[in-house]
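Inside the fold
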Amino acid sequence: MRRYETVFIVNPSLSQEESQPLFDKLTDLIAAHQGLMVKFDEWGHKRLAYEIKQQTRGYYILLDFCGNGSLVKELERNMRLDDRVLKYMTVCVAKDVDEEAVKTEIQAAEEAAKAKESSAGPVEDAAASEAQEQAPPGETLEPSLGEAEAPDNAAVSTDEEELTDGKV
Amino acid sequence: MARFKRRKRMFRRRKICRFCADSSFVIDYKNPRTLRLFTTERGKIIPRRISGNCAKHQRRLTTAIKRARTIALMPYSASLSHY
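My aim in this report is to walk through the structure given alongside it, one point at a time.

Analysis parameters
- Residues numbered from 1 in each chain as written.
- Chains lettered and ligands numbered in written order.
- Predicted model: local features only at pLDDT ≥ 70, side-chain atom pairs only at ≥ 80, totals over all residues.
- Heavy atoms only, no water.
- Helix = DSSP H or I, 4+ residues; strand = E, 2+ residues; numbered from the N terminus.
- Buried < 20%, exposed > 50% of the residue type's maximum accessible area, 1.4 Å probe, protein only.
- Contact = heavy atoms within 4.5 Å.
- Areas by Shrake-Rupley, 256 points an atom, 1.4 Å probe, with all protein chains shown as cover.
- Pairing = 2+ DSSP bridges.
- Axes fitted to C-alpha atoms, helices over the stretch in contact; angles between N-to-C directions.
- Salt bridge = Lys/Arg side-chain N within 4 Å of Asp/Glu carboxyl O.

**Some thoughts on the overall build of chain A**
Of the regular secondary structure elements, chain A holds six helices and four strands. In chain A, the succession of helices and strands from N to C terminus is β-α-β-β-α-β-α-α-α-α. Counting over 168 residues, chain A shows a buried share of 30%. Sequence-distant contacts in chain A: of pairs separated by 6 or more residues, those separated by 24 or more amount to 74%. About 10,300 Å² of surface is accessible on chain A, with carbon and sulfur atoms providing 49% of the total.

**Some details on the overall build of chain B**
Along the backbone of chain B there are five helices and zero strands. A burial count over chain B gives 36% of its 83 residues as buried. Counting every atom, chain B has about 6,200 Å² of accessible surface; 52% of that belongs to carbon and sulfur.

**Thoughts on the pairing of strand β3 (residues 55–67) of chain A**
All names here are of chain A. Judged by how many residues are buried, β3 sits mostly within the fold: ten of 13 residues are covered. Across nine bridges, strand β1 (residues 2–10) lies against β3 in antiparallel orientation. Among the inter-strand pairings, valine 7 is bridged to a residue of β3, identified as leucine 62. Two elements, strand β2 (residues 36–52) and β3, share eleven bridges in a ladder whose sense is antiparallel. If you follow aspartate 41 over to β3, its bridge partner there is leucine 62. Linkage of β2 to β3, two consecutive antiparallel strands, is achieved through a turn of two residues, within which lysine 53 is found at a positive phi near 50 degrees.

**Some thoughts on the sheet that holds β3 of chain A**
Residues and elements named next belong to chain A. Taken together, the four strands give an open sheet; going across it, the order is β2-β3-β1-β4, and neighbouring strands pair in antiparallel fashion. Each edge of the sheet is formed by a strand with only one pairing partner; in this case those strands are β2 and β4 (85–94). Within this sheet the neighbouring strands show an average axis-to-axis angle of 20 degrees, counted without direction. Pairing between β1 and β4: eight bridges, direction antiparallel.

**A few points about unusual backbone geometry**
In this structure, lysine 53 of chain A takes a positive phi of about 50 degrees despite not being glycine. Summarising the element assignment, lysine 53 of chain A is placed in the loop between β2 and β3. Here the phi dihedral of alanine 72 of chain B falls at roughly 60 degrees; this positive angle occurs in a residue that is not glycine. Here alanine 72 of chain B is to be found in the segment after α5 (55–70).

**Looking at the pattern of salt bridges**
All told, the structure shown has seven salt bridges over all chains when counted by the stated rule. Note that lysine 30 of chain B and glutamate 5 of chain A form a salt bridge whose closest N and O atoms lie 3.0 Å from each other. On the criterion of chain membership, the pair formed by lysine 30 of chain B in the loop between α2 (18–21) and α3 (32–35) and glutamate 5 of chain A in strand β1 is interchain, its members lying in two chains. Assessed through its relative accessible area of 23%, lysine 30 of chain B is described here as partly exposed. Aspartate 28 of chain B is the salt-bridge partner of lysine 30 of chain B, the closest N and O atoms lying 3.5 Å from each other. Salt bridges here are not isolated pairs; linked through shared partners, they connect Arg3, Asp64 and Glu105 of chain A.

And the structure:
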């Protein structure tokens, strides 16, 4: 068993009902090939660094799973044929993964998520509002590029801002 | 000759690999924010000679940046609207 990460970009104009069958199909595929789903992480809408199929935005999804080469081959074949997927990339994270260790990891992650939900209700809200406030400057690419165009000092300061944003 | 060259050289602050200095600073292709610190505004990867990274981390950094490029998290070449 190997551990893989697949990042794929779905057409942003699709609604939830339209994209859900695709997600179900891919997750079913993993199960059908004796794979082990670790995480299905939706990053949401993001601006693309360059146009893909005339799209400037995309809906990013990260698939974290265990399996073997045939599973990856099948997954990529499906994504290649599907018009809804703009682009995909699979990265092998670890060779020779212990199945039991991964299963315990999945369980631990689930429990952590549950604990977070039950205990940190109001705190989470505060964090969310904070994130929203800081999101606008970081989200758009062009303003930061424009600032970097200005004298050297300005470029350095934008770099620092980005770093602190990332840490928050 | 060698001594002459050394004298001619200006004083420079010794550069330290930022990834060796700070272990919480991780290289990950999924996090373009940190990767962007090591590219020019045009999207080129900054050489080790200038950034001061060690060989090990520069190697990982380049693969991470190239991975980020393939899934459009980072540009292959950024266009400057001012030109």
